[in-house]
Amino acid sequence: MHKNFKNIDKVVFGRGSFSEMDGILAEKRNDNGRFFLFVVDSYFKGKDLESRLPVKPEDVVKFIDVDPSEPTTELIDSLRDEVLAAKGLPSGVVGIGGGSIMDIAKAVSLMFTNEGSSTLYQGLNLIKKPGIYHLGVPTISGTGAEVSMTAVLTGPVKKLGLKCDWTVFNQVILDPELIASVPTDKWLYTGMDTYIHCIESENGILNNAYSHAFAEQAVKLCREIYLGDKAGQTAENDDKLMVASMMGGLSLTYSEVGVCHALSYGLSKILGEKHCYANCLAFQHLEDYYGEGVRELKQMLVQHNVQLPQGLSKGWTDETITAMAEVAYNLPHMWNHAIGTDWKEKVSLDTIKELYKRM
Ligand code: NAD
Ligand code: ZN
């Protein structure tokens, strides 16, 4: 079957475009209970951006610390219940932050109109009703969460997205000024998520001319941003990174991710490692799957003096490794893309355990 996906309704790109938000929200302010819910990365509490939020007295602003864990179903359910009980149904949700906040904004916008716990809807097309209007403003680039049709949540049983057409943002504001403050290590790990999206999208049976065009351009941008004389966190490169992140996301949407993301899900679910960092931990050991890509990613790390830990698996019990391998094995769409339709003949739980033992 061919992939047939909804895209973001509207995108504004450019330095200073954050200031357009007030006008953009104005035409939605009469909807539902006539207030907006803002979910903002707590990094911005007390920063200049807080004073620039176009909030009205009736709006609700929640600062969320995304560092303790990736977004959980519990967080989404309680945020929804709290806002509904206090004020009713918002006109819309605005998310300002990284992939975690993008996913929180997307998920809660759906859960405002779908009853029960978000755990009921983890999977493809399980959501029953369209959510409310939602607008995303990425402040760190790489995951492509701003463009994707999934809101990844960690639940008691699964780490899996609420995935459907209604998940996609109605509006995205891409203002590269907002990513200038990202620390170098996070700038690198998150950007490497884009790079890995492209390498994995390209290397598998679902790659096609459409996904390839996005991946090719995004990889070119990543090389300009992370390699060579002009590499580094400059204004020009921040512009490019915001675009690369989106294109990487579009590439994998129309193709698929592969071995690295499967392993990364295991690292996140069992050990709580953050998505982008977990990808880097895994990808460095996958030369037999993604040879050139792995070599190039290592060059990028060296150029920016970022060192990944080695020998981690020595500290893991066989139980932990098995648990991670089970998470990874249960992502058949990724293995199918990366290895082929006969992947089960080539990849077993033991094969995957060996991949974890390389780390
Ligand atoms: P994040 O949202 O987890 O944030 C990473 C860190 O960067 C945090 O400490 C945050 O406070 C900080 N930060 C964000 N913006 C900043 C800024 N401008 N200046 C300084 N610090 C800043 O980051 P992420 O890596 O973008 O997102 C990871 C999450 O995205 C995971 O939960 C993962 O599951 C999810 N994800 C979703 C998709 C999708 O398609 N929906 C794809 C990949 C990953
Ligand atoms: Zn990713």
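An account of the accompanying structure is given in this report. Computed from a predicted model, the values in this text were never measured in an experiment.

**A word on the overall build of the chain**
And then number 1: Helices and strands together make up the secondary structure of the chain, namely 14 helices and nine strands.
And then number 2: What you see for the chain is a C-alpha radius of gyration of 20 Å, in line with the 21 Å of a compact globule of 359 residues.
And then number 3: By principal-axis analysis of the C-alpha atoms, the chain measures approximately 55 × 50 × 40 Å.
And then number 4: Residues counted as buried form 55% of the 359 residues belonging to the chain.
And then number 5: Pairs at least 24 apart in sequence give 78% of the contacts found in the chain among residues at least 6 apart.
And then number 6: A total accessible area of about 15,100 Å² is found for the chain, and carbon and sulfur atoms account for 51% of it.
And then number 7: Each charge class in the chain was averaged separately, 35 positive and 46 negative side chains, and the resulting centres sit 2 Å apart.

**Things to note about the sheet that holds strand S5 (residues 123-124)**
And then number 1: Read across the open sheet, the three strands follow the order S5-S8-S7; overall the sheet is mixed. Of all the strands in the sheet, just S5 and strand S7 (150-154) have a single pairing partner and so form its edges.
And then number 2: Of the strand pairs in this sheet, S5 and strand S8 (residues 159-163) are connected by two bridges, and their pairing is parallel. Bridged to Leu124 within S8 is Lys163.
And then number 3: The strands touched by helix H4 (residues 99-111) within the sheet are S7 and S8, with S7 carrying the most contacts at an inclination of about 95 degrees.

**A closer look at the sheet that holds strand S6 (residues 133-138)**
Hydrogen bonds between backbone atoms are what pair the strands of a sheet, whose relative direction is either parallel or antiparallel.
And then number 1: Taken together, the six strands give an open sheet; going across it, the order is S1-S9-S6-S4-S2-S3, and neighbouring strands pair in parallel fashion. On the outer flanks of this sheet lie strand S1 (10-13) and strand S3 (60-64), each paired with one strand and no other. On average, each strand axis in the sheet is tilted by 15 degrees relative to the strand beside it, whichever way the strands run.
And then number 2: Where H4 meets the sheet, it contacts strand S2 (36-41), S3, strand S4 (92-97) and S6, and its direction lies at approximately 170 degrees from that of S4.

Calculation notes
- Residues numbered from 1 in each chain as written.
- Chains lettered and ligands numbered in written order.
- Predicted model: local features only at pLDDT ≥ 70, side-chain atom pairs only at ≥ 80, totals over all residues.
- Heavy atoms only, no water.
- Helix = DSSP H or I, 4+ residues; strand = E, 2+ residues; numbered from the N terminus.
- Rg over C-alpha atoms; globule rule 2.2 N^0.38 Å.
- Buried < 20%, exposed > 50% of the residue type's maximum accessible area, 1.4 Å probe, protein only.
- Contact = heavy atoms within 4.5 Å.
- Areas by Shrake-Rupley, 256 points an atom, 1.4 Å probe, with all protein chains shown as cover.
- Lys, Arg positive; Asp, Glu negative; His and termini not counted.
- Charge placed at Lys NZ, Arg CZ, Asp CG, Glu CD.
- Pairing = 2+ DSSP bridges.
- Axes fitted to C-alpha atoms, helices over the stretch in contact; angles between N-to-C directions.

Read these as geometric descriptors, not functional statements.
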